[in-house]
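# Residue-level structure breakdown
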Amino acid sequence: MKLVEHEERYGYEITGMIQKGGTLSIANGSIYPILKRLEEQEWIVSRQIEHNGRLRKYYRLTKAGHTQLKVRERYLQELNQLLVTLDQREAGNRDHR
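Below you will find a few notes about this structure. Because the structure is predicted, anything quoted here is derived from the model rather than measured.

Calculation rules
- Residues numbered from 1 in each chain as written.
- Predicted model: local features only at pLDDT ≥ 70, side-chain atom pairs only at ≥ 80, totals over all residues.
- Heavy atoms only, no water.
- Salt bridge = Lys/Arg side-chain N within 4 Å of Asp/Glu carboxyl O.
- Core = buried A, V, L, I, M, F, W, Y, C linked by side-chain atoms within 4.5 Å.
- Buried < 20%, exposed > 50% of the residue type's maximum accessible area, 1.4 Å probe, protein only.
- Helix = DSSP H or I, 4+ residues; strand = E, 2+ residues; numbered from the N terminus.
- Contact = heavy atoms within 4.5 Å.
- Phe/Tyr/Trp six-rings, centres within 6.5 Å; stacked < 30°, edge-to-face > 60°.
- Lys NZ or Arg CZ within 6 Å of the ring centre and 35° of its normal.
- Pairing = 2+ DSSP bridges.
- Axes fitted to C-alpha atoms, helices over the stretch in contact; angles between N-to-C directions.
- Parallel < 35°, antiparallel > 145°, perpendicular 65-115°, else oblique.
- Left-handed = near helix turned anticlockwise from the far one by under 90°.

## Comments concerning the pattern of salt bridges
Per the counting criterion, the structure on display carries seven salt bridges. Residues joined in a network through salt bridges with shared partners are Lys2, Glu5 and Glu73.

Shown next as structure tokens:
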């Protein structure tokens, strides 16, 4: 959802961005079931545009999708903070042994 937050993108483009973004590996065909589920939840919408004689499906975030994205980003921040806290606590325990 983050990749279509501000701009429409097509599936292959999204896959490429994920692959270039870091260590997460995703097959080209793997993104489409995810996009389909997001559409079913009405968190994204799509439209088809002809490009070089072929139809290309572009996705964008809906208002409900923006809300869900914020919820999920908040959850990930809280989860990350918990992991940092647990790591610091564990490091403190190692120092006192």
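Next comes the rest of the write-up.
## Side note on the nonpolar core
Grouped together as the largest cluster of nonpolar side chains are twelve residues: Val4, Ile14, Ile18, Ile26, Ile31, Leu35, Leu38, Trp43, Ile44, Tyr59, Leu61 and Leu69. Counting only elements with at least two residues in this core, the list comes to α1 (11-20), α2 (31-40) and β3 (54-61). The greatest single-element share of this core, amounting to three residues, is contributed by α2. Setting aside chain neighbours within four positions, we find Val4 in contact with Arg9, Ile14, Ile44, Tyr59, Arg60 and Leu61.

## Notes on the packing of aromatic side chains
Counted according to the given criterion, the structure contains one aromatic pair. Arranged with centres 5.5 Å apart and planes meeting at 70 degrees, the rings of Tyr10 and Tyr58 form a pair that is edge-to-face. On the criterion of sequence distance, the pair formed by Tyr10 in strand β1 (residues 9-10) and Tyr58 in strand β3 is long-range, its members being 48 residues apart. Across the pair, exposure class does not vary: Tyr10 and Tyr58 are buried alike. The positively charged end of Arg56 is found above the aromatic ring belonging to Tyr10, 3.7 Å away from the centroid.

## A closer look at the pairing of strand β2 (residues 44-51)
Sheet faces and side chains relate simply in a regular strand, where the side chains alternate between the two faces. Judged from the eight bridges that link them, β2 and β3 form a sheet pairing that is antiparallel. Paired with Glu50 across the bridge in β3 is Leu55.

## Looking at the environment of Leu24
With respect to the helices, strands and loops of the structure, Leu24 is situated in the loop between α1 and α2. Leu24 gets classed as exposed once you look at its relative accessible area, which sits at 59%. Along the sequence, Leu24 and Tyr58 sit 34 residues apart, while their C-alpha atoms lie 22 Å from each other. When sequence neighbours within four positions are dropped, the list of residues in contact with Leu24 reads Ile18 and Gln19.

## Describing the side chain of Thr15
One can find Thr15 in helix α1. What Thr15 contacts, discounting residues up to four positions off in sequence, is Ile26, Ala27, Asn28 and Ile31.

## Some details on the pairing of β3
Relative to β3, β1 runs antiparallel, the two sharing two bridges. By the bridge assignment for β3, Arg9 is matched with Tyr59. Here β2 hands over to β3 after two residues, with Asn52 in that stretch at a positive phi of 55 degrees.

## Quick notes on the packing of α1 against α2
One can describe the packing of α1 onto α2 by two numbers: an axis separation of 10 Å at closest approach and a directional angle of 115 degrees. When the axes of α1 and α2 are compared, the pair comes out roughly perpendicular. For the pair α1 and α2, the crossing hand works out as right-handed. Residues Gly11, Tyr12, Ile14, Thr15 and Ile18 of α1 touch α2, and the partners they reach there are Ile31, Tyr32 and Leu35.

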